Amino acid sequence: MEVSETLQTLYTATVEQNNETYQITVPEREIATGTIAEDETYRVALISTVASDPDDTETTDSIQSTNHEDQPQEYDGPPVEEGEQREVEIENLGDQGDGIAKVERGYVVIVPETNIGDRVTVEMRQVRENVAFADVVEHNPRGEV
């Protein structure tokens, strides 16, 4: 998946109706990190999450509830470092087929050449404020992450 160097933030949100308009709420942590600012204009790209069955909404709900968006948080930077190795499970695929995993605080790790459900050990090769890019070091059999 090719990601622009101008990427400011990456998070999961729900489109909500407000009278005759629709809104996407920006989590407070995104402002707190200084990545984006109030009263500024940004381009927004929406990436569909393809649900394989109706029960997949439970996964989205649990991700949102673990973000604790309504509680103040102190930001101490990304939860990973370049060169660090982690075991992750690929939860989604990006538009160009790269695997997407999430670690602490919903932080996104993009892993090429993986599929949904893959359990892999990865090494972080590039870490940004809101997303990391990693390479597979080892494929782990199911149930061992």
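Since this is a predicted model, take the numbers as computed values, not measurements.

**Some remarks on the nonpolar core**
Generally speaking, soluble globular proteins have nonpolar side chains that are buried together. In terms of nonpolar packing, the biggest core is built from 13 residues, with Val109, Val122 and Met124 touching the most fellow members. Those elements that place two or more of their residues in this core are strand E6 (108-111), strand E7 (119-127) and strand E8 (131-140). Not counting residues up to four positions away in its chain, the partners in contact with Met124 are Val80, Glu81, Glu82, Gly83, Glu84, Arg86, Val109, Ala132, Phe133 and Ala134. Counting 5 residues, the second largest nonpolar core, distinct from the first, contains Ile100, Val108, Val131 and Phe133.

**Description of unusual backbone geometry**
You will see that Arg105, though not glycine, has its phi angle at about 55 degrees, which is positive. Take Arg105: it is sitting in the loop between strand E5 (99-102) and E6. Backbone geometry places Glu113, a non-glycine residue, at a positive phi of 60 degrees. On the basis of relative accessible area, Glu113 is assigned to the exposed category, the value being 76%.

**Digging into the pairing of strand E2 (residues 21-24)**
In this structure, strand E1 (residues 15-18) lies alongside E2, joined through 4 bridges in antiparallel fashion. Paired with Val15 across the bridge in E2 is Ile24. The turn joining E1 and E2, which pair antiparallel and follow one another in sequence, is formed by 2 residues; a positive phi near 60 degrees is taken by Asn19.

**Considerations on the sheet that holds strand E4 (residues 92-93)**
Read from one edge to the other, the open sheet built from 6 strands follows the order E3-E7-E8-E6-E5-E4, with strand pairing classed as mixed. What marks the edges here is a single partner per strand, and that holds for strand E3 (85-89) and E4. Across 5 bridges, E3 lies against E7 in antiparallel orientation. What sits directly across from Glu87, in E7, is Thr121.

**Observations regarding the pattern of salt bridges**
Under the definition given, this model contains 4 salt bridges. The partner of Arg125 in a salt bridge is Asp135, with the nearest N and O atoms 3.0 Å apart. With Arg125 in strand E7 and Asp135 in strand E8, this pair connects stretches of sequence that are 10 residues apart. By relative accessible area, which is 35% here, Asp135 ends up partly exposed. Residues joined in a network through salt bridges with shared partners are Glu84, Arg86 and Glu104.

**Observations concerning a nonpolar patch on the surface**
Taken together, the side chains of Val15, Tyr22, Ile24, Val44 and Leu46 define a hydrophobic patch exposed on the protein surface, amounting to about 540 Å² of accessible area. Tracing the backbone through its elements, the reader meets Tyr22 in strand E2. Assessed through its relative accessible area of 57%, Tyr22 is described here as exposed.

**Things to note about the confidence of the model for the protein chain**
When pLDDT is averaged across the protein chain, the result is 77; 72% of the residues are at 70 or more. The spread of mean pLDDT over the elements of the protein chain runs between helix H2 (residues 57-66), the lowest at 40, and E7, the highest at 96. Here residues 51-72 scores under 50 on pLDDT; set against residues more than four positions off or in separate chains, the count is 13 contacts.

**Re the environment of Leu7**
Structurally, the position occupied by Leu7 is in the segment before E1. It is 8.9 Å that separates the C-alpha atoms of Leu7 and Asn130, two residues lying 123 residues apart in sequence. Other than its neighbours up to four places away in sequence, Leu7 contacts Arg128 and Val131.

About the thresholds
- Here the residue index of a chain counts from 1 through its sequence in written order.
- Note on the predicted model: pLDDT of at least 70 is required for a residue's local features to be given, and 80 or more for side-chain atom pairs to be given and counted; whole-chain, interface and lining totals, by contrast, use all residues.
- Heavy atoms from the whole structure form the basis of all side-chain values; hydrogens and water molecules are not counted.
- Side-chain atoms within 4.5 Å are what join buried Ala, Val, Leu, Ile, Met, Phe, Trp, Tyr and Cys residues into a set we call a nonpolar core.
- Only protein chains enter the accessibility calculation, which uses a 1.4 Å probe; a residue is then buried when its area is under 20% of its type maximum, exposed when over 50%, and partly exposed in between.
- A helix here means a DSSP run of H or I that spans at least four residues, while a strand means a run of E at least two residues long, and both kinds are numbered starting from the N terminus.
- Note on definitions: a residue-residue contact is assigned when non-hydrogen atoms from the two residues lie within 4.5 Å.
- Here a strand pair is declared whenever DSSP counts at least two bridges between the two strands.
- We count a salt bridge whenever a side-chain nitrogen from Lys or Arg sits within 4 Å of a carboxyl oxygen from Asp or Glu.
- Residues forming no salt bridge and having over 30% relative accessible area are the ones grouped into patches, like charges within 9 Å of each other and nonpolar side chains (Val, Leu, Ile, Met, Phe, Trp, Tyr) within 5 Å.
- We get accessible surface area from the Shrake-Rupley algorithm with a probe of 1.4 Å; when it comes to residues, only the shown protein chains can shield them.
- Every residue gets a pLDDT, meaning the predictor's confidence in that residue, from 0 to 100.

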